[in-house]
Protein chains: 4
Amino acid sequence: VPTTRLETFADGVFAIAATLLILDVKASNGVSYAAYGLSFATIGIIWVNHHTVMSQLGAVDRAFLFMTVFFLMTVAFIPFPTQLVAEHIRDGGAEARDAALTYGFTFVAMSISFAGLWAYASRGGRLLKPDADERTVAGITRSFRPGVFVYLAATLVAYLSPIASVCIFAALALFYVLESSLFARDGGRA
Amino acid sequence: VPTTRLETFADGVFAIAATLLILDVKASNGVSYAAYGLSFATIGIIWVNHHTVMSQLGAVDRAFLFMTVFFLMTVAFIPFPTQLVAEHIRDGGAEARDAALTYGFTFVAMSISFAGLWAYASRGGRLLKPDADERTVAGITRSFRPGVFVYLAATLVAYLSPIASVCIFAALALFYVLESSLFARDGGRA
Amino acid sequence: VPTTRLETFADGVFAIAATLLILDVKASNGVSYAAYGLSFATIGIIWVNHHTVMSQLGAVDRAFLFMTVFFLMTVAFIPFPTQLVAEHIRDGGAEARDAALTYGFTFVAMSISFAGLWAYASRGGRLLKPDADERTVAGITRSFRPGVFVYLAATLVAYLSPIASVCIFAALALFYVLESSLFARDGGRA
Amino acid sequence: VPTTRLETFADGVFAIAATLLILDVKASNGVSYAAYGLSFATIGIIWVNHHTVMSQLGAVDRAFLFMTVFFLMTVAFIPFPTQLVAEHIRDGGAEARDAALTYGFTFVAMSISFAGLWAYASRGGRLLKPDADERTVAGITRSFRPGVFVYLAATLVAYLSPIASVCIFAALALFYVLESSLFARDGGRA
């Protein structure tokens, strides 16, 4: 199976990035618990979606591999802005704003690279497997479209209120988990 | 095999969480050796049990994936209370109690999310594989029932004696390993 | 498949080395972002190439396993010189030079051990799979030849200008990704 | 394949323990480079041998899983004494001796648990696969016998000279790699 080794590497990066988050939890900082939970859940969501994308591919080429490396670079980056948010979100002022902006733009970069990956793989069916499920493919394409803009909007809220920006990311994660578990039964079998 | 990639991700989180424990062992702190051993062994037990659960499933859906992410979030959290216990259990007073409570409630949360995962997968045979072994399925269900309560009781002991609470967790781990290796031959072949 | 477990171990080391890079990114050090990006991308490139090499092998022997362990030792070393470069490249003087030299020689050592691995496996077809693709095998051999010398030259530039040396590594990585994605369609399907 | 998931978990622990070693390399401490190289190589050797052992097994039971957890606990412990040796071996006196003893006893514990694992699996062919290779099985049994004693002797040398003790571990690793690559062609194909 030609996509297997890519998945092993990607799963490793997902698992390590998520697990490293614990290194920044401090007993003296209550916010760090919430930041841990939010970033872990978000990495989990990205992992589930990456799973869905890979399940529709039959092969990968070098350009796709390098695009995946870039995408994983944004995923592995997540522990850094998580720590910034945990440390500074309650400080107010420029530090809180910069932390929230770094957090948000990491997810904007992640969603752009993820959408690019999918666009490359699906355009003209380039890397799709012969028996790729048309409805799932269309569903993935449809769901990528608003993603970047929603993340960008949530990020820009940090100029008004850094805390509100991070709370919107939390709400989006919660909404996504509930919505895709309860309602989006298309292609729900992973 | 539709459950394969979930297992790769989960095994990564188990392996990393267990291996990160070494970062908190300090030569100047004898308790940190015992805390390392206890948490490593407990993560190993959870991993073995997760192994047994997954071996009975034929497929997973999105809700199950997200429940697994939540479950793994509690597993990846374990190095944090382990460090608290290693540092504070001998201090006595509120610090020792809070360390033991954080340790215990992490395992309560883990066992609730693990039991929820299994209840979701097994109810009405939802995600069981067609040839799931009935005795193993019944055995898993039976063994989950007391787990949460035993862990909760062990945790609450910390209000009386933090050290006793942690020792009960150690005794439970030891008992579990011996009991399931020596006596529970049902479904013992993993 | 006899090479599978070797790949799992190697992929683990690649994924962890890349993900650990985030631990050295500091908000107060703008260079650390660039160093993160460069080293992550370079580890990604090595991983892709290792992938290509392994795809041509049918079996591995003990000597090959130990050579792989040595190769992975150089890969897992990368986070250390990356941190040195991030901290010292702007200091000028001996510290910047030593950082750039340590960075460069790590990649020289990596490329020597990687070339040795391939020479051992491919000489006389020793470990090649029966249906190894002749053009891919010849292409790998051809591409290893200049690698060590190019890295060595880039490293020695650090005696003149440490920053220039690191920039050449960045240019090589960028060139490699673009060239192998866009032009090198031989054996491009991974 | 019933042993697959055990190998994924074990390979994760091996890869993470080896890669975490880089966190203790310090530019200001030349010994830390040698300690990194020695412990990485030794973990690589243990991994190769674990690989050989697992290749002869057909199935695992719960007792074997828990014995493996204990064995991996000793492997994941290696970064800790490695750091002690890197920091204290040149101090002389009690600190150097304690560092070398901790280093040595970690490997004694590892080799005891590894030998126990193999004794359990191979006694009466309990977990061997039906087509296990008799010569390889006998060869593994033979090579485990002296291991514990050699490691114990090398450890006790630390009472006379801590540096000599660590150098013996280095010589054993080097000898093992050369010997098993060049001469031990029995079962050499992994």
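Because the structure is predicted, anything quoted here is derived from the model rather than measured. (Residues numbered from 1 in each chain as written. Chains lettered and ligands numbered in written order. Predicted model: local features only at pLDDT ≥ 70, side-chain atom pairs only at ≥ 80, totals over all residues. Heavy atoms only, no water.)

(A) A look at the overall build of chain A. Along the backbone of chain A there are 7 helices and 0 strands. Mapped in sequence order, the helices and strands of chain A form the string α-α-α-α-α-α-α. A compact globule built from 190 residues should have a C-alpha radius of gyration of about 16 Å, and chain A, at 17 Å, falls within 12% of that. C-alpha extents for chain A along the principal axes are approximately 55 × 30 × 30 Å. Counting every position in chain A, which comprises 190 residues, the buried fraction comes to 56%. Of all intrachain contacts in chain A linking residues separated by at least 6 positions in sequence, the fraction that spans at least 24 positions is 74%. Carbon and sulfur atoms form 65% of the exposed surface of chain A, whose accessible area is close to 7,600 Å². One way to put it: in chain A the 13 positive side-chain charges average out to a point 5 Å from where the 13 negative ones average out. (Helix = DSSP H or I, 4+ residues; strand = E, 2+ residues; numbered from the N terminus. Rg over C-alpha atoms; globule rule 2.2 N^0.38 Å. Buried < 20%, exposed > 50% of the residue type's maximum accessible area, 1.4 Å probe, protein only. Contact = heavy atoms within 4.5 Å. Areas by Shrake-Rupley, 256 points an atom, 1.4 Å probe, with all protein chains shown as cover. Lys, Arg positive; Asp, Glu negative; His and termini not counted. Charge placed at Lys NZ, Arg CZ, Asp CG, Glu CD.)

(B) A look at the relation of the copies chain A and chain C. Laying chain A over chain C is done by rotating through 90° and shifting 0.0 Å along the axis; what remains is an RMSD of 0.0 Å. The relationship between the two copies is best expressed as a four-fold rotation axis. Judged by C-alpha distance, A:Gly12 is the residue of chain A that lies nearest the rotation axis, at 4.4 Å. (Least-squares fit on C-alpha atoms with pLDDT ≥ 70 in both.)

(C) Structural view of the relation of the copies chain B and chain A. Between the two copies, chain B and chain A, the superposition gives an RMSD of 0.0 Å; the rotation angle is 90° and the shift along the axis is 0.0 Å. Of all interface residues in chain B, a mere 10% are interface residues in chain A too; the two copies therefore contact each other through different surfaces.

(D) Quick look at the side chain of B:Arg5. Summarising the element assignment, B:Arg5 is placed in helix H1 (residues 4-20). Not counting residues within four places of it along the chain, the set of residues in contact with B:Arg5 comprises A:Glu7, A:Ala10, A:Asp11, A:Phe14, A:Trp47, A:His50, A:His51 and A:Met54.

(E) Structural view of the interface of chain A and chain C. With 29 residues of chain A in contact, the opposing surface of chain C contributes 35 residues. When the two sides are added together, the surface that chain A and chain C hide from each other amounts to roughly 2,800 Å², 71% of it contributed by carbon and sulfur. The interface formed by chain A and chain C holds 2 salt bridges in total. C:Glu7 is the partner of A:Arg5 in a salt bridge, and the nearest nitrogen-oxygen pair spans 3.4 Å. Linking chain A with chain C are 8 residue pairs in polar contact (both at pLDDT 80 or more), by the criterion used here. Mapped onto the side of chain A that touches chain C, the elements with two or more residues apiece are helix H1 (4-20), helix H3 (62-77) and helix H4 (79-88) of chain A. (Buried area = accessible area lost by both parts, 1.4 Å probe. Salt bridge = Lys/Arg side-chain N within 4 Å of Asp/Glu carboxyl O. Polar contact = N/O pair within 3.5 Å; in protein donor to acceptor, adjacent residues only side chain to side chain.)

(F) Representation of the packing of aromatic side chains within the structure. Per the stated rule, a full pass over the model turns up 60 aromatic pairs over all chains. Three or more aromatic residues joined by ring pairs make a cluster, and in this case those are A:Tyr33, A:Tyr36, A:Phe40, B:Phe77 and B:Phe80. A cation sits over an aromatic face here: C:Arg126 above C:Tyr120, 3.9 Å from the ring centre. (Phe/Tyr/Trp six-rings, centres within 6.5 Å; stacked < 30°, edge-to-face > 60°. Lys NZ or Arg CZ within 6 Å of the ring centre and 35° of its normal.)

(G) Region of interest: the confidence of the model for chain A. Residues and elements named next belong to chain A. Of the residues in chain A, 95% reach a pLDDT of 70 or more, and the chain-wide mean stands at 89. Predicted confidence is poor over residues 185-190, with pLDDT under 50, and the contacts of this stretch with residues over four places away or in other chains come to 17 contacts. Confidence metrics for the complex model read pTM 0.92 and ipTM 0.90. (pLDDT = per-residue confidence, 0-100.)

(H) Molecular detail of the interface of chain B and chain A. Counting from both sides, the interface comprises 29 residues of chain B and, opposite them, 35 residues of chain A. Both sides of the chain B and chain A interface together cover about 2,900 Å² of buried area, and 72% of this is carbon and sulfur. Counting across the chain B and chain A interface gives 2 salt bridges. One salt bridge connects A:Asp11 with B:Arg5, and the closest N-O pair in it is separated by 2.6 Å.

(I) Geometry of helix H6 (residues 134-156) of chain C. Residue and element names in this part refer to chain C. Taking 1.5 Å of rise per residue, the 23 residues of H6 would be expected to cover 33 Å, and the 35 Å separating its terminal C-alpha atoms lies within 8% of that figure. Taken together, the buried positions of H6 are Thr-136, Val-137, Ile-140, Phe-144, Val-148, Tyr-151, Ala-154 and Thr-155. Along its buried surface, H6 packs onto helix H2 (30-54), helix H5 (93-122) and helix H7 (162-182). (Expected span 1.5 Å × (residues − 1).)

(J) Highlighting the pattern of salt bridges. Per the counting criterion, the structure on display carries 12 salt bridges over all chains. Across the pair B:Asp98 and B:Arg97 runs a salt bridge, and its minimum N-O distance is 3.2 Å. One connected set of salt bridges, linked through shared partners, spans A:Arg5, C:Glu7 and C:Asp11.

(K) The arrangement of H1(B) in detail. With 17 residues, H1(B) extends 24 Å from end C-alpha to end C-alpha; this agrees with the ideal 24 Å at 1.5 Å per step. Across the 17 residues of H1(B), 15 count as buried, placing the element largely inside the fold.

(L) Seen up close, the environment of D:Ser28. For D:Ser28, the location among the structural elements is in the loop between helix H1 (4-20) and helix H2 (30-54). Residues D:Ser28 and D:Phe175 lie 147 residues apart in sequence; the distance between their C-alpha atoms is 29 Å.

(M) Structural detail: the environment of B:Ala170. Mapped onto the secondary structure, B:Ala170 falls in helix H7 (residues 162-182). Separated by 133 residues in the primary sequence, B:Ala170 and B:Gly37 have C-alpha atoms spaced 9.3 Å apart.

(N) Structural context of a nonpolar patch on the surface. Judged by side-chain polarity, A:Leu23, B:Leu23, C:Leu23 and D:Leu23 come together as a nonpolar surface patch covering roughly 250 Å² of accessible area. Along the chain, the position of B:Leu23 falls in the loop between H1 and helix H2 (30-54). Under the relative-accessibility criterion, B:Leu23 is labelled partly exposed at 30%. (Patch = residues over 30% accessible without salt bridge, like charges linked within 9 Å, V, L, I, M, F, W, Y side chains within 5 Å.)

(O) Examining the arrangement of the chains more closely. Where chain B comes nearest to chain C, the C-alpha atoms are still 9 Å apart, and the two do not contact one another. Separated throughout, chain A and chain D approach each other most closely at a C-alpha pair spaced 9 Å apart.

(P) Representation of the packing of H2(C) against H7(C) in the model. All names here are of chain C. Where H2 meets H7, the axes come as close as 10 Å, and the angle between the chain directions of the two elements is 45°. Comparing their axes, H7 and H2 come out oblique. At the point where H2 passes H7, the crossing takes the left-handed sense. Here Leu-38, Thr-42, Ile-45 and Asn-49 of H2 lie close against H7, whose contacting residues are Val-166, Phe-169, Ala-170, Ala-173, Tyr-176 and Val-177. Across the contact of H2 with H7, the residue classes tally to 8 nonpolar, 2 polar and no charged. (Axes fitted to C-alpha atoms, helices over the stretch in contact; angles between N-to-C directions. Parallel < 35°, antiparallel > 145°, perpendicular 65-115°, else oblique. Left-handed = near helix turned anticlockwise from the far one by under 90°. Nonpolar A, V, L, I, M, F, W, Y, C, P; charged D, E, K, R; others polar.)

(Q) A look at the side chain of C:Ser122. Residues and elements named next belong to chain C. Position of Ser-122 among the secondary structure elements: in helix H5. Here Ser-122 falls in the buried class, since its relative accessible area comes to 17%. One polar contact links the side chain of Ser-122 to the main-chain carbonyl oxygen of Trp-118, over a distance of 2.7 Å.

(R) Region of interest: the packing of H2(B) against helix H6 (residues 134-156) of chain B. Residue and element names in this part refer to chain B. Where H2 contacts H6, the axes come no closer than 11 Å and their chain directions differ by 145°. Between H2 and H6 the crossing geometry is left-handed. Between H2, through Thr-42, Thr-52 and Val-53, and H6, the contact on the second element is made entirely by Thr-136, Ile-140, Phe-144 and Tyr-151.

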